[in-house]
Amino acid sequence: MAGPIYELKEVVKTRAGDGYSFRLRVPSLRISPGEKIALIGESGCGKSTLLDMLAFVLQPSGCERFRFNVEGKEHDIARAWKRRRQNRLAALRRRHLGYVMQTGGLLPYLTVRENMELSRRILGMKDDGTVAALARELGLHRHLEKRPGELSTGERQRVAIGRALAHRPSIVIADEPTASVDPFAAERIMAIFIEMVEARNITVIVASHAWRHIKQLGLRRLAHHTRRSRDGSLAETVVSG
Ligand SMILES: Nc1ncnc2c1ncn2[C@@H]1O[C@H](COP(=O)(O)OP(=O)(O)OP(=O)(O)O)[C@@H](O)[C@H]1O
Ligand SMILES: [Mg+2]
């Protein structure tokens, strides 16, 4: 069996502001290729913090081990951060990851088609019909020439999903991809999303508030526990899985 795609040991991120301090601790986390992972928890428990570290966007405050294995190559993320290899981390992110942001993160002046093509363009990938096929699957084929401002919220979220998949990444990280639509639409969009990553054998990590309908999609839920001081000024979340 192939080794884990992510391997983390004692990864910590601390964030402090005026009168509060937050700490996310990951004693041990292994994610295998093709796994579907859910991170469910209350607002402020550290979901986006963890996802941003897994996307190499946010530097851990400390880590014993942070390895990323993809296409038969092992990358030492801990060492890359330590040596300030931001360019290398950005290149890994562009090539291997797709990120669906809570707010969609679409560029307002580009059409739906151009937004979805963007990740491929940056990598110099030729148009091979992938974007058109994704648009059909997501029910967006009639909207390809529109701009994001002319779409409904649910349509925008589907464009964000298409954009995250267009360059055929190995991993898709989705931060509450259905946060701003009604529960019925959220359930449908999430089901389409999971079906699409499954069909492509993509590893997926989703943060969401909604465990109820996510559970039916067969995701593995990461265990986490948050402790807060009585006055709320200190909080620590421990995640493992
Ligand atoms: N840039 C930052 N600087 C300082 N503290 C931050 C920063 N971003 C987040 N935090 C704090 O870190 C903690 C975890 O935030 P995070 O965004 O990871 O939570 P979340 O689980 O994604 O919440 P939500 O469900 O609301 O998106 C919070 O207490 C938050 O205030
Ligand atoms: Mg968040």
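How each quantity is defined
Residues numbered from 1 in each chain as written. Chains lettered and ligands numbered in written order. Predicted model: local features only at pLDDT ≥ 70, side-chain atom pairs only at ≥ 80, totals over all residues. Buried ≥ 20, exposed ≤ 12 C-beta atoms within 10 Å, placed from the backbone. Helix = DSSP H or I, 4+ residues; strand = E, 2+ residues; numbered from the N terminus. Contact = placed C-beta atoms within 7 Å. Pairing = 2+ DSSP bridges. Axes fitted to C-alpha atoms, helices over the stretch in contact; angles between N-to-C directions. Expected span 1.5 Å × (residues − 1). Arc of directions from axis to C-beta. Near = placed C-beta within 6 Å. Nonpolar A, V, L, I, M, F, W, Y, C, P; charged D, E, K, R; others polar.

Caption draft 1: Highlighting helix 1 (residues 47-54). Where burial is concerned, most of helix 1 is hidden: 6 out of the 8 residues are buried. Taken residue by residue, helix 1 has Lys47, Thr49, Leu50, Leu51, Met53 and Leu54 as its buried positions. Tucked into the core, helix 1 has its buried residues touching strand 1 (6-17), strand 2 (20-31), strand 3 (36-40), strand 7 (171-175), strand 8 (203-208) and strand 11 (234-240).

Caption draft 2: Highlighting the environment of phenylalanine 68. Summarising the element assignment, phenylalanine 68 is placed in strand 4 (residues 62-70). Phenylalanine 68 sits 91 residues away from valine 159 along the chain, and the two C-alpha atoms are 27 Å apart.

Caption draft 3: Representation of the sheet that holds strand 5 (residues 73-76) within the structure. Taken together, 6 strands build an open sheet; the order of strands is 5-4-1-2-11-10 and the sheet is mixed. Lying at the two open borders of the sheet, with one neighbouring strand each, are strand 5 and strand 10 (223-228). Geometrically, the sheet is characterised by an average inter-axis angle of 20° between neighbouring strands, direction not taken into account. As paired strands, strand 10 and strand 11 are joined by 6 bridges and run antiparallel to one another. Its bridge partner lying in strand 11, arginine 228 is registered against alanine 235. Contacts from helix 1 reach strand 1, strand 2 and strand 11 within the one sheet, and its direction differs from that of strand 1 by about 130°.

Caption draft 4: Layout of helix 7 (residues 183-199). For helix 7, spanning 17 residues, the distance from its first C-alpha to its last is 24 Å, which sits close to the expected 24 Å at 1.5 Å a residue. Of all the residues in helix 7, the buried ones are Ala186, Ile189, Met190, Phe193 and Val197. Along the axis of helix 7, the buried residues cluster in a sector spanning 100°; they form a single face. Helix 7 presents Phe184, Glu195 and Ala199 as exposed residues on the side facing more than 90 degrees away from its buried surface. Lining the buried residues of helix 7 we find helix 6 (153-165), strand 7, strand 8 and helix 8 (211-215).

Caption draft 5: Region of the structure containing the pairing of strand 8. The element strand 8 is largely enclosed, with a buried count of 6 among its 6 residues. Burial along strand 8 is two-sided: Thr203, Ile205 and Ala207 and Val204, Val206 and Ser208, pointing in opposite directions, are all buried. Looking at chain direction, strand 3 and strand 8 are connected through 5 bridges and run parallel. Bridging across to strand 8, isoleucine 40 finds its partner in serine 208. Examined bridge by bridge, strand 7 and strand 8 share 5 bridges and lie parallel to one another. Looking at strand 8, one finds that isoleucine 173 is bridged to isoleucine 205.

Caption draft 6: Highlighting the site of ligand 1. Around ligand 1 sit Arg15, Gly17, Phe22, Gly41, Ser43, Gly44, Cys45, Gly46, Lys47, Ser48 and Thr49, and that is every residue in its neighbourhood. Elements represented by at least two residues in the shell around ligand 1 include exactly strand 1 and helix 1. Top contributing element to the shell around ligand 1 by residue count: helix 1, with 3 residues. Grouping the constituent residues of the shell around ligand 1 by class yields 2 nonpolar, 7 polar and 2 charged.

Caption draft 7: Layout of unusual backbone geometry. Phi angles above zero are rare outside glycine, and arginine 168 is one such case at about 55°. Since 16 C-beta atoms lie within 10 Å of it, arginine 168 is described here as partly exposed. Although it is not a glycine, asparagine 201 sits at a positive phi angle of roughly 60°. Checked against the element boundaries, asparagine 201 lands in the loop between helix 7 and strand 8.

Everything listed here is a matter of geometry and, on its own, says nothing about what the molecule does.
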